[in-house]
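What follows is each chain in one-letter form.
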Amino acid sequence: MVADALRPHLNKNCSIVVLFPEGIDPHTYRPVPSDIQRLQEADAIVYNGLHLEANMESMFKHLSRSKPCIGLGSFIPTQKLIALDAYSFDPHIWFDIPLFGLAAKMAADSVCKALNPLLFFHNTNYLDSLFELDAALQHQWNQKPESQRILCSVHDAFSYYCRRYKLKQMSLQGVSTAAEFGIYEVDAMVDFMVKNKVKVAFTEAHALTKAMKSIQLGCAQRGHILVLGDPLLTDAPGKKGSPGGSWPGMVIENSAKIHKALNHD
Ligand SMILES: [Zn+2]
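Quick caveat: nothing in here was measured; it's all calculated off a predicted structure.

1. A look at the overall build of the protein chain
1) Next: On a plain count of helices and strands, the protein chain comes out with 9 helices and 6 strands.
2) Next: Computed over the C-alpha atoms, the radius of gyration of the protein chain is 19 Å, within 12% of the 18 Å expected from 2.2 N^0.38 for a compact globule of 265 residues.
3) Next: Based on the C-alpha atoms only, the size of the protein chain along its principal axes is roughly 65 × 40 × 35 Å.
4) Next: For the protein chain, the share of sequence-separated contacts (at least 6 apart) that also reach a separation of at least 24 residues comes to 69%.
5) Next: Split by element, the accessible area of the protein chain, about 13500 Å² in all, is 55% carbon and sulfur.

Right, dumping it as structure tokens:
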């Protein structure tokens, strides 16, 4: 997501190497020796930040002594971030298209100023296209009644999306896929689904379909039919070359899946 958002603001001579393999979970990813070598060879490093790449933070800190090494999240004013507690913020910023797009532009600008200002490519059309996309999604959601604006998924990846398009979010796991959950969380979610008459819930491309099936079963035991929608793309884009295989394509694809499931409701 970071590479896709940065690329439009960089000169074609700039080569971007994406470190994470396709479809991995950034919350739990641990760097392998070849990653460390690539990070050492890079002129600059840009990452999401806000504790998303939890196992790489000490390495980023170390590398920042010798080269620009910046998190996109640091370009977003604190009051626009979603606070988790007094010290930490929700890292899933790529689901707020304008917020992430602007932060990426600022990050590209900052890196280019540090390395060579000629590497920066002034691309206002790109930001305009992001604002148009956001307005289209906004319009699509505005057509839905409030009772349908509930997004239930495995982990809390959609807080920014839900804030942007005024949806209520419910998930099993909290903000990290590394979080434990048990019978209490399952019961609470089943209870929420039944009380709010939620008819659709979503699994995620790389997480815990089984857990969501236990929610479905819990609902069935209370006489409530819950349908599982197509898996959503949360913390990584989909297959390269597919419509959801990039940012912001993954946000468009998710939105389409959610609307499709709600429309068949
Ligand atoms: Zn996540």
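2. Notes on the environment of isoleucine 215
1) Next: With respect to the helices, strands and loops of the structure, isoleucine 215 is situated in helix H8 (residues 209-221).
2) Next: Taking the C-alpha atoms as reference points, isoleucine 215 and valine 186, separated by 29 residues in sequence, lie 6.2 Å from one another.
3) Next: Setting aside residues no more than four positions away along its own chain, isoleucine 215 makes contact with Leu172, Val186, Met189, Val190, Met193 and Leu226.

3. What to know about the coordination of the zinc ion
For a metal bound by four donors in tetrahedral geometry, the ideal donor-metal-donor angle is 109.5 degrees, whereas six donors in octahedral geometry ideally sit at 90 or 180 degrees.
1) Next: Coordination of the zinc ion by the protein is provided by His27 (NE2), His92 (NE2), His155 (NE2) and Asp235 (OD), with metal-donor distances spanning 2.0 to 2.1 Å.
2) Next: Considering all 4 donor atoms around the zinc ion, the spread of angles at the metal, 90 to 136 degrees, places the coordination shape in the irregular class.
3) Next: Sequence positions of the donors to the zinc ion reduce to the motif H-x64-H-x62-H-x79-D. A residue pair is termed long-range when its members are at least 10 positions apart, and histidine 92 in the loop between strand E2 (69-71) and helix H4 (97-115) and histidine 155 in the loop between strand E3 (150-153) and helix H6 (159-164) qualify at 63 residues.
4) Next: Residue classification places histidine 92 among the buried positions, given a relative accessible area of 0%.
5) Next: Note on histidine 155: relative accessible area 0%, which makes it buried.

4. Some points on H8
1) Next: When the terminal C-alpha atoms of H8 are compared, their 19 Å separation across 13 residues agrees well with the 18 Å that a helix rising 1.5 Å per residue should span.
2) Next: Taken together, the buried residues of H8 touch E3, helix H7 (183-195), strand E5 (200-204) and strand E6 (227-232).
3) Next: Immediately downstream of H8, the backbone of glycine 223 shows phi near 75 degrees, a positive value.

5. Notes on the side chain of arginine 149
1) Next: Positionally, arginine 149 belongs in the loop between helix H5 (124-142) and E3.
2) Next: Only 2.7 Å separates the side chain of arginine 149 from the backbone oxygen of tryptophan 141, close enough to count as a polar contact.
3) Next: Ignoring sequence-local partners within four residues, the contact set of arginine 149 consists of Trp141, Asn142, Lys144, Tyr165, Lys166, Leu167 and Lys168.

6. Topic: the packing of H5 against helix H9 (residues 249-263)
1) Next: Here H5 crosses H9 at 10 degrees, and the two axes come no closer than 12 Å. Here H9 runs roughly parallel to H5, going by the angle between their axes. Judged by residue contacts, Leu133, Leu137, Gln140 and Trp141 of H5 engage Val251, Ile252, Ser255, Ile258, His259 and Leu262 from H9.
2) Next: Grouping the amino acids of the contact of H5 with H9 by side-chain chemistry returns 7 nonpolar, 3 polar and no charged.

7. A look at the state of the cysteines
1) Next: Counted according to the given criterion, the structure contains 0 disulfides.
2) Next: The closest cysteine sulfur to the non-disulfide-bonded cysteine 152 is located on cysteine 219, 8.9 Å from its own sulfur.
3) Next: You can call cysteine 152 buried: its relative accessible area is 0%.
4) Next: Using a relative accessible area of 0% as the deciding quantity, one classes cysteine 219 as buried.

8. Re the pattern of salt bridges
1) Next: Applying the stated rule across the entire model yields 8 salt bridges.
2) Next: For aspartate 191, the salt bridge identified is with lysine 195, shortest N-O distance 2.9 Å. With aspartate 191 and lysine 195 both in helix H7 and 4 residues apart, the pair spans about one turn of that helix.
3) Next: The class of aspartate 191 is partly exposed, set by a relative accessible area of 25%.
4) Next: A salt bridge links arginine 222 to aspartate 191; the shortest N-O distance between them is 2.9 Å. Of this pair, arginine 222 sits in the loop between H8 and E6 while aspartate 191 sits in helix H7, placing them 31 residues apart in sequence.

Criteria and thresholds
- Residues numbered from 1 in each chain as written.
- Predicted model: local features only at pLDDT ≥ 70, side-chain atom pairs only at ≥ 80, totals over all residues.
- Heavy atoms only, no water.
- Helix = DSSP H or I, 4+ residues; strand = E, 2+ residues; numbered from the N terminus.
- Rg over C-alpha atoms; globule rule 2.2 N^0.38 Å.
- Contact = heavy atoms within 4.5 Å.
- Areas by Shrake-Rupley, 256 points an atom, 1.4 Å probe, with all protein chains shown as cover.
- Donors = N, O, S within 2.8 Å, 3.2 Å for Na, K, Ca; no water.
- Tetrahedral: all angles 85-135°; square planar, octahedral: opposite > 155°, others 65-115°.
- Buried < 20%, exposed > 50% of the residue type's maximum accessible area, 1.4 Å probe, protein only.
- Expected span 1.5 Å × (residues − 1).
- Polar contact = N/O pair within 3.5 Å; in protein donor to acceptor, adjacent residues only side chain to side chain.
- Axes fitted to C-alpha atoms, helices over the stretch in contact; angles between N-to-C directions.
- Parallel < 35°, antiparallel > 145°, perpendicular 65-115°, else oblique.
- Nonpolar A, V, L, I, M, F, W, Y, C, P; charged D, E, K, R; others polar.
- Disulfide = S-S within 2.5 Å.
- Salt bridge = Lys/Arg side-chain N within 4 Å of Asp/Glu carboxyl O.

As far as function goes, none of this settles anything; it's purely spatial.
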